[in-house]
Amino acid sequence: MFEAFKKKHDRTPENMADRVPPGQYVTDKFPVLHYGDVPSYPDLEQTWDFRVFGELEAPKTFSYSEFRSLPTVTLENIDLHCVTRWSKLGTTWSGVAFKELLKHIPPLNPGAQFVLAHSEAGYTANVPLEVLLDDDVMLAYKYDGVELTPDHGYPLRLFVPKKYFWKSAKWLRGLEFMARDRLGFWERYGYNNHADPWQEERYSEE
Ligand SMILES: Nc1nc2c(c(=O)[nH]1)N[C@H]1C(S)=C(S)[C@@H](COP(=O)(O)O)O[C@H]1N2
Ligand SMILES: [Mo]
C-alpha cells in the first residue's frame, strides 16, 4: 500500500514514463476536444437538472442545488489519456463519487449492467457499471480546485480516468442504467467499446 502510494507521488522522469500508455505523448496543456457547441447556462437552477433513469426502482431528478449538496470527494494526481494521443499527468478533480451517488438514488435493478451517459446535444458515452464502481470514478464539477470552465464541461462531467477520455462525457445531464450495452456517440463512429489506454483499445476491429 505504502509502496504504491510512494510510486504514485514520485514525479521523477522514470516513474512518470511508467505512467504514459503506449502510443501517447505527455502535454502540460489541457487541450479542449469535443464535437458540437459549448452550452451556456444563465441560471442553473432553472435550466439544468440531472436525471437517473432506466434499470432502477424509480427514476430520480436532481436540481442543481440538490446535486451540489451531495457529499464530495477530491482526487489528486490522476492521469488523463485521450485517444488522439495526448496524455496529461497529475491532475486534480472534485465532485461526487459514482459510488456515493448510488447511495442517493433508488436501488438499481439486479439486471443493471451498463450505463449510458447522456450529455447536452445528444452526446452519449457507454460504460459497464462495473467500471463505474471504481474508486476513481466521479461526476466532476471542479478541476484543479475551481469550477470547470465551459470548455471542459461546466457544470458537470462524467470522469472515468482509466478509460480514454472520450468516455468522460462533458455537460452531463443524466445516467441511464441498462440491462444490455448500447453504444455511445464515438463508439458508434468506430471507437473501441472498451477504451483501455494500456491495451491501446483505440478503434473497433469490427
Ligand atoms: N459532451 C461531450 N463530451 C465529451 C466529448 C464530446 O464531444 N462531447 N468529447 C470527449 C473527448 S473525445 C475528449 S478527449 C474529452 C476532452 O475533454 P477536455 O476538452 O476537457 O480535454 O471530452 C470527452 N467528452
Ligand atoms: Mo478524445
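Residues numbered from 1 in each chain as written. Chains lettered and ligands numbered in written order. Predicted model: local features only at pLDDT ≥ 70, side-chain atom pairs only at ≥ 80, totals over all residues. Heavy atoms only, no water.

Novice: I'm lost on the site of ligand 1 in this one. Help?
Specialist: Near ligand 1 lie 19 residues; those nearest to it are Pro31, Tyr35, His152, Arg157 and Lys170. At 2.6 Å, a side-chain N or O of His152 approaches an oxygen atom of ligand 1. Note that an oxygen atom of ligand 1 is positioned 2.5 Å from one of the side-chain N or O atoms of Lys170. Residue composition of the shell around ligand 1, grouped by class: 13 nonpolar, four polar and two charged. (Near = heavy atom within 4 Å. Polar contact = N/O pair within 3.5 Å; in protein donor to acceptor, adjacent residues only side chain to side chain. Nonpolar A, V, L, I, M, F, W, Y, C, P; charged D, E, K, R; others polar.)

Novice: How should the packing of aromatic side chains be read in this particular structure?
Specialist: The geometry of an aromatic ring pair is captured by the separation of the ring centres together with the interplanar angle, meaning the angle of the planes. Within the structure shown, the criterion is met by 22 aromatic pairs. Put simply, the rings of Tyr35, Tyr123, Tyr164, Trp166, Phe185, Trp186, Tyr189, Tyr191 and Tyr203 touch in pairs and so form one group of aromatic residues. Lying over the aromatic face of Phe53, Arg51 brings its terminal NZ or CZ to 4.1 Å of the ring centre. Sitting above the plane of the Tyr141 ring, Arg68 keeps its charged end 3.5 Å from the centroid. (Phe/Tyr/Trp six-rings, centres within 6.5 Å; stacked < 30°, edge-to-face > 60°. Lys NZ or Arg CZ within 6 Å of the ring centre and 35° of its normal.)

Novice: Honestly, the environment of Tyr35 in this entry has me stumped. Any pointers?
Specialist: Take Tyr35: it is sitting in the loop between β1 (25-26) and α3 (44-47). As for Tyr35 and Tyr123, which are separated by 88 residues in sequence, their C-alpha atoms are 8.4 Å apart. The residues touching Tyr35, leaving out its near neighbours within four places in the chain, are Phe185 and Trp186. (Helix = DSSP H or I, 4+ residues; strand = E, 2+ residues; numbered from the N terminus. Contact = heavy atoms within 4.5 Å.)

Novice: I would appreciate a short explanation of the pattern of salt bridges in the present structure.
Specialist: Pairing of side chains with opposite charge becomes possible as their charged atoms draw close. For the structure on display, the rule yields twelve salt bridges. One salt bridge in this structure joins Lys103 and Glu100, with 3.2 Å as the shortest N-O distance. Residue class for Glu100 comes out buried when judged on its relative accessible area of 17%. Here Arg202 ties to Glu200 by a salt bridge, and the two come within 2.8 Å at their closest N and O atoms. A residue is classified by how much of its surface remains accessible, and Arg202, at 4% relative accessible area, is buried. Ionic contacts of the salt-bridge type, sharing partners, join the residues Asp49, Glu120 and Arg173 into one network. (Salt bridge = Lys/Arg side-chain N within 4 Å of Asp/Glu carboxyl O. Buried < 20%, exposed > 50% of the residue type's maximum accessible area, 1.4 Å probe, protein only.)

Novice: Can you help me understand unusual backbone geometry in this one?
Specialist: Apart from glycine, the bulk of residues carry a negative phi angle, and the bulk of peptide bonds sit in the trans form. With omega at 5 degrees, the peptide bond leading from Tyr154 into Pro155 counts as cis. One non-glycine residue, Ala121, adopts positive backbone phi at about 60 degrees. Mapped onto the fold, Ala121 is located in the loop between β6 (114-119) and β7 (124-128). For Ala121, a relative accessible area of 84% translates into the label exposed. Even without being glycine, Glu200 reaches a positive phi, approximately 50 degrees. By secondary structure assignment, the location of Glu200 is in the segment after α7 (185-188).

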